[in-house]
Structure formats: C-alpha cells, structure tokens
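Listed below are the residues making up each chain.
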Amino acid sequence: MEEDVAWSHEIDGERDGDQFDRSERAALRRVVGLSTELEDVTEVEYRQLRLERVVLVGVWTTGTAQDADNSLAELAALAETAGALVLDGVIQRRDKPDAATYIGSGKALELRDIVLESGADTVICDGELSPGQLIQLEDVVKVKVIDRTALILDIFAQHAKSREGKAQVALAQMQYMLPRLRGWGQSLSRQMGGGRGGLATRGPGETKIETDRRRIREKMAKMRREIAEMKTGREIKRQERRRNKVPSVAIAGYTNAGKSSLLNRLTGAGVLVENALFATLDPTVRRAETPSGRLYTLADTVGFVRHLPHHLVEAFRSTMEEVGDADLILHVVDGSHPDPEEQLAAVREVIRDVGATDVPEIVVINKADAADPLVLQRLLRVEKRSIAVSARTGRGIEQLLTLIDDELPRPSVEVEALVPYTHGKLVARAHTEGEVISEEHTAEGTLLKVRVHEELAADLAPYTPAPAA
C-alpha cells in the first residue's frame, strides 16, 4: 500500500535519525578506528609486557548511532588506560540487552568467531553485566568476559596511591565481587559442621562459596571502619578551614577534562598531569589567592565518567564531600570533546548524588585552543555562567581568577577600626579572614576599613574610632 505522505530527508531524517534495514538493525556493526594494535616493530619492542588483547561489545538501545560510537570509543580509551590492546569493537542494535547473554545467543556465536579471528583473550562489554550474563557469555565465547564496571575498578586499583584511595577502591571491588563469586567441582563441597568433630558432627555445614562470601563481608565491614576513621582526619582539616573562614573552591568534571592541569595553572601545585582517564584519584587541596588578595582553597577531585559504577560513588562518597562542602564549584568540561553536553550531564548527575546541587557553579570550558569555535560559542551561549580557557596556554586564566573573586562569598560586616600596633594579630586576621578595603598607618595604630565575618567584627569592635563631634 502506498504511503499518503512522501518521506522527506530534511524533515524525517532529522526526526528519525539514521535509517537501517531490518538486517542492518539486527547485525553486529563494526566500529572503525578503535584498534590500538601497533605495527611499528620498534614500538612493539618498547612494550615489553604482553598486553591483554580485547574485543569491545556495545548494545545500542537509545540515542543515535553516533552516540553509540562515542560510548564505545570511550570504552576503548578506558581499556587502553587499563593496559589493554583493543583489536576490534562491535555494536548490537536492540531494544534492551538480552537477559541471558547481553547480545543474544546468535550474536554471541558471531562474537565468538570474531574473537577467534582476531586472537583476542578478553571481551569487554559496554555496560554492567549481571552474574548470569557474565557466566553464559563466557560459556559461548570461551574467553574471559568483563564489563565496564570491572574495567573502571581495575583502572582505579592501578592509580590509587594514598592509603584512603586504596581502601576505597578495595571496598568497591569487594562490593562488585560479592554477588559474582563462582565455584566449581570440590569448591562447592560442604565442610563438616556442628559438634566438636568425630561422630558428633551435625548438619552439612557451609559450602566453600558461602565461606568466601562470609569472609568478604567481614573484610568489607573492616574496610568501612577504616575509611570512616580516615574520613575523620579530613573532616578535622575542613573544620579548621571553616573556623578560619577560608572560602573553598572544588574542581569537578569529567575524567581527562584537564582538572589537574587547571589546578597547576591556578596554584602551581605540581600535580600529575597525564593524557589518560582517571590519572588523578586522590584529592589535592592547595592554597590560592584572588587578584584582590583574598585567600581560598582549591581542591582537585576524582574525575567522573558516564555510568560511573554505583560501587565507586558509594566508596568515594567521603572524597566527593569536598564538592558538597565547597563554596563554589569549577565544573571543568573538555571543549574539544565530540559531545561536551553529555559530559556536563554525567557530572551533574554525580553532583546531584552527593547532594551538592545548591553549591554555585562556574562552567570552565577547557582546551579552548583545540576546540571548534562553533562548539565554544554554543556552550558559552547555553551555559550562562561559563568561561572558555586553556590550561595549557594560559588563555582566559586571568578572567577566570576575576570570576572566582566575584563569585566567592564575601564577609558580611563592614568595619572601620584603629588597631594599636601592640595588637598586630588582629590586622593579620583581617587580611587572612576578611577583605581589606583600605589600610593606613597612623601615630596611634593601623586604621583599617575591612569587610569581615561577625566573629572578627566583634573582636575589632573595641577599636572602632569614636565619631567626630
């Protein structure tokens, strides 16, 4: 039957997106350009360790084909950061992931052929697989299968340096592992139970897998106690900063957006900068100063990513509290990324999870020197409080410092005081805790006009000059 209305590419193409035949929709579609295999023999010799050879698999359920390709490209970057060699990547178009094998039994057999053809020893799925999906897909492809969550946890385990960071990663890994424990053969046999041994045994006792689960739960409880103790130390430092009325600024953003580079540019902190995902895990707090001379702290936080595993959000909640307790968030986004808006949405989702939605935010569009000017214009137009900078070249940094100065909360009370030279500590506190408007040295002491908080205003009140008769 003929259609009443003709299909128009200009109208329907934009509305429906890419059009595929039934066979094309169901097929595994290869994503070109993901392979990181080296051809130059000198580069191959440089890599002395044998890397895991992986094939990536994604399920495209919503969005456009470009969105699906971008997601798999990000998975390839994660795999490379973890030390894997990406050989191939395929995407399956379906309404929802298959409950048994993630991509369906037929496509799992096709994936096995791709694995055999490429010589891969690992398959990485772009999603979080249930224990059942993991086991059944491994049974078909005959090589190790891991999911996106396990991959991110592996990267975190490699990059954690501090005691707290290692403990948080270990807790997240155990939370992930607990429902995925497997046993076979004698591993499932029961231990002797009840009584004191010999003929007095009663009941079948625990299986080996039950014993493993119990031990992991005990380790998790111990790890949570250790993290809570370490959290106390950071909380004391935060209370000290609050007591001294030092404003705090937190740098948050997508992984590899340039947060550490921005911290180094603003404070000279010397933090590790690397073109890799999750290069920085442990929060770094540095002292900084605005152009007007006001002191504040600048905290670099762990990077976020789309579909950040909830195990990590829970484990790193104490670290992410730096964002929730800040007076201002510098939300850094990579202006050269193919889809910066999606990065912004992913980070804001995590910020909402840690309860920091009420903190004022400045969107810092980094890598402006490498970004498309049209993309920069679009972001600056959509994000009302935003600025384009380049941490590498220094472009826009002065304007950013001025914007931070304007956005930071200011002391609420304006005071004029003549402080005797014997009370120089009050003058020093006015400089560190308040905002000095004017300062004059007279014969009687230092004449200050400052904007300070209530506590310091009360200390300066006895030195307020009497009004002229």
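One numbering rule holds for all chains: residues counted from 1, following each sequence as written. Given that the model is predicted, a residue must reach a pLDDT of at least 70 before its local features are reported, and side-chain atom pairs must reach 80 or more before they are shown or counted; all residues, however, enter totals for whole chains, interfaces and linings. With hydrogens and water set aside, each side-chain value is computed from the structure's full complement of heavy atoms.

- The name recorded for the protein chain in an unreviewed UniProt entry is GTPase HflX, from Streptomyces collinus.
- According to UniProt, the comment filed for the protein chain under the heading Function (unreviewed entry) is "GTPase that associates with the 50S ribosomal subunit and may have a role during protein synthesis or ribosome biogenesis."
- Quoted straight from UniProt, the Subcellular location (unreviewed entry) entry for the protein chain says "Cytoplasm". UniProt positions are given in the numbering used here, feature names are shortened, and annotations may be inferred rather than shown by experiment.

**A short note on the layout of surface pockets**
Which parts of space are left empty comes out when a probe the size of a water molecule is rolled across the atoms.
Then, number 1: Its volume calculated, the largest pocket comes out at about 580 Å³.
Then, number 2: Helix and strand definitions follow DSSP, with helices as H or I runs of at least four residues and strands as E runs of at least two, each counted in order from the N terminus. Elements represented by at least two residues in the lining of the largest pocket include exactly strand 2 (52-60), strand 4 (122-125), helix 6 (131-141), strand 5 (144-147), helix 7 (148-159) and helix 8 (163-177).
Then, number 3: Ranked by the residues each element gives to the lining of the largest pocket, the list is headed by helix 7, at five residues.
Then, number 4: Residue composition of the lining of the largest pocket, by class: 14 nonpolar, four polar and seven charged.
Then, number 5: The start and end points of each domain follow an automatic or database-based domain assignment. Split by domain, the lining of the largest pocket shows at least three residues from each of two domains, domain 1 (53-159) and domain 2 (162-185 + 207-243). Cavity means a closed set of points on a 1 Å grid over the protein atoms alone, one where a 1.4 Å probe fits but cannot get out, pocket means an open set with protein on both sides within 12 Å along at least 5 of 7 lines, and lining means a residue has an atom within 4 Å of a point. Grid points are joined across faces, edges and corners, and a volume is the space filled by probe spheres set on the points. Side-chain classes are defined by residue name, with Ala, Val, Leu, Ile, Met, Phe, Trp, Tyr, Cys and Pro counting as nonpolar, Asp, Glu, Lys and Arg as charged, and the others, Gly among them, as polar.

**Details of the sheet that holds strand 5**
Then, number 1: Strand pairing is defined by DSSP finding a minimum of two bridges between the two strands. Reading across the sheet, the five strands line up as 1-3-2-4-5 and stay open at both edges, with mixed pairing between neighbours. Both edges of this open sheet fall to strand 1 (28-30) and strand 5, since each of them pairs with a single strand only. Here the average twist between neighbouring strands, direction ignored, is 30°.
Then, number 2: Note that strand 4 and strand 5 share four bridges and pair parallel. When the sheet's bridge partners are listed, Val 123 is paired in strand 5 with Val 145.
Then, number 3: Lying over the sheet, helix 5 (residues 105-118) contacts strand 1, strand 2, strand 3 (84-93) and strand 4, oriented at roughly 30° with respect to strand 1. Note on geometry: axes are lines fitted to C-alpha atoms, helical ones only across the stretch in contact, with angles between N-to-C directions running from 0 to 180 degrees. Throughout, a residue-residue contact means that at least one pair of heavy atoms, one from each residue, lies within 4.5 Å.

**A word on the nonpolar core**
Then, number 1: Each nonpolar core is a collection of buried residues, namely Ala, Val, Leu, Ile, Met, Phe, Trp, Tyr and Cys, held together in the definition by side-chain atoms within 4.5 Å. Partly exposed describes any residue whose relative accessible area lies between the buried limit of under 20% and the exposed limit of over 50%, with all areas from a 1.4 Å probe on protein chains only and scaled to the type maximum. Grouped together as the largest cluster of nonpolar side chains are 68 residues, with contacts concentrated most on Leu 56, Leu 262, Phe 304, Leu 330, Val 364 and Leu 400.
Then, number 2: With seven residues, helix 4 (residues 65-81) is the largest single contributor of residues to this core.
Then, number 3: Leu 56 has contacts with Leu 34, Leu 72, Leu 75, Ala 76, Val 86, Asp 88, Gly 89, Val 90 and Ile 124, leaving out every residue within four places of it along the chain.
Then, number 4: Formed by 23 residues, the second largest nonpolar core is a distinct cluster that contains Leu 28, Tyr 102, Ala 108 and Leu 111.

**Remarks on unusual backbone geometry**
Then, number 1: Even without glycine at this site, Tyr 102 takes up a positive phi of about 75°.
Then, number 2: Within the fold, Tyr 102 resides in the loop between strand 3 and helix 5.
Then, number 3: Given a relative accessible area of 5%, Tyr 102 falls into the buried group.
Then, number 4: Despite not being glycine, Lys 367 shows a phi value in the positive range, around 60°.
Then, number 5: Secondary-structure assignment places Lys 367 in the loop between strand 10 (361-366) and helix 14 (373-382).

**Details of the side chain of Ser 390**
Then, number 1: Position of Ser 390 relative to the elements: it lies in the loop between strand 11 (386-388) and helix 15 (397-407).
Then, number 2: The class for Ser 390 is buried, based on a relative accessible area of 1%.
Then, number 3: Nitrogen and oxygen atoms within 3.5 Å of one another constitute a polar contact, given that in protein one can donate a hydrogen and the other can accept it, and given that sequence-neighbouring residues count only through two side-chain atoms. Looking at Ser 390, its side chain comes within polar contact range of the side chain of Asp 369, at 3.0 Å.
Then, number 4: Contact partners of Ser 390, with chain neighbours within four places excluded, come to Asn 366, Lys 367, Ala 368, Asp 369, Arg 395 and Ile 397.

**Section: the packing of aromatic side chains**
Then, number 1: Working definition: a ring pair exists when centres of Phe, Tyr or Trp rings (six-membered ring for Trp) sit within 6.5 Å. Plane angles under 30 degrees give stacked, over 60 give edge-to-face, the rest tilted. Taken as a whole and judged by the stated rule, the model has zero aromatic pairs.
Then, number 2: Its guanidinium or amino end placed over the ring of Trp 60, Arg 93 lies 4.5 Å from that ring's centre, counting from NZ or CZ. Placement of a positive charge over a ring is assigned whenever Lys NZ or Arg CZ falls within 6 Å of the ring centre and within 35 degrees of the normal to the ring plane.

**Details of the pattern of salt bridges**
Where charged atoms from two side chains of opposite charge approach closely, those side chains can pair.
Then, number 1: Think of a salt bridge as a Lys or Arg side-chain nitrogen and an Asp or Glu carboxyl oxygen that are within 4 Å of each other. Under the counting rule described, the total for this entry stands at 16 salt bridges.
Then, number 2: We note a salt bridge from Arg 180 to Glu 128, for which the minimum N-O separation is 3.6 Å. Of this pair, Arg 180 sits in the loop between helix 8 and helix 9 (208-243) while Glu 128 sits in the loop between strand 4 and helix 6; the two residues are 52 residues apart in sequence, bridging distant segments of the chain.
Then, number 3: For Arg 180, a relative accessible area of 15% puts it in the buried group.
Then, number 4: For Glu 128, a relative accessible area of 38% corresponds to the partly exposed category.
Then, number 5: For Arg 378, the salt bridge identified is with Glu 341, shortest N-O distance 2.7 Å. Of this pair, Arg 378 sits in helix 14 while Glu 341 sits in helix 13 (residues 340-353), placing them 37 residues apart in sequence.
Then, number 6: On the basis of relative accessibility, which here comes to 30%, the residue Arg 378 falls in the partly exposed class.
Then, number 7: Salt bridges linked by common partners bring Glu 74, Asp 126 and Arg 148 together as one network.

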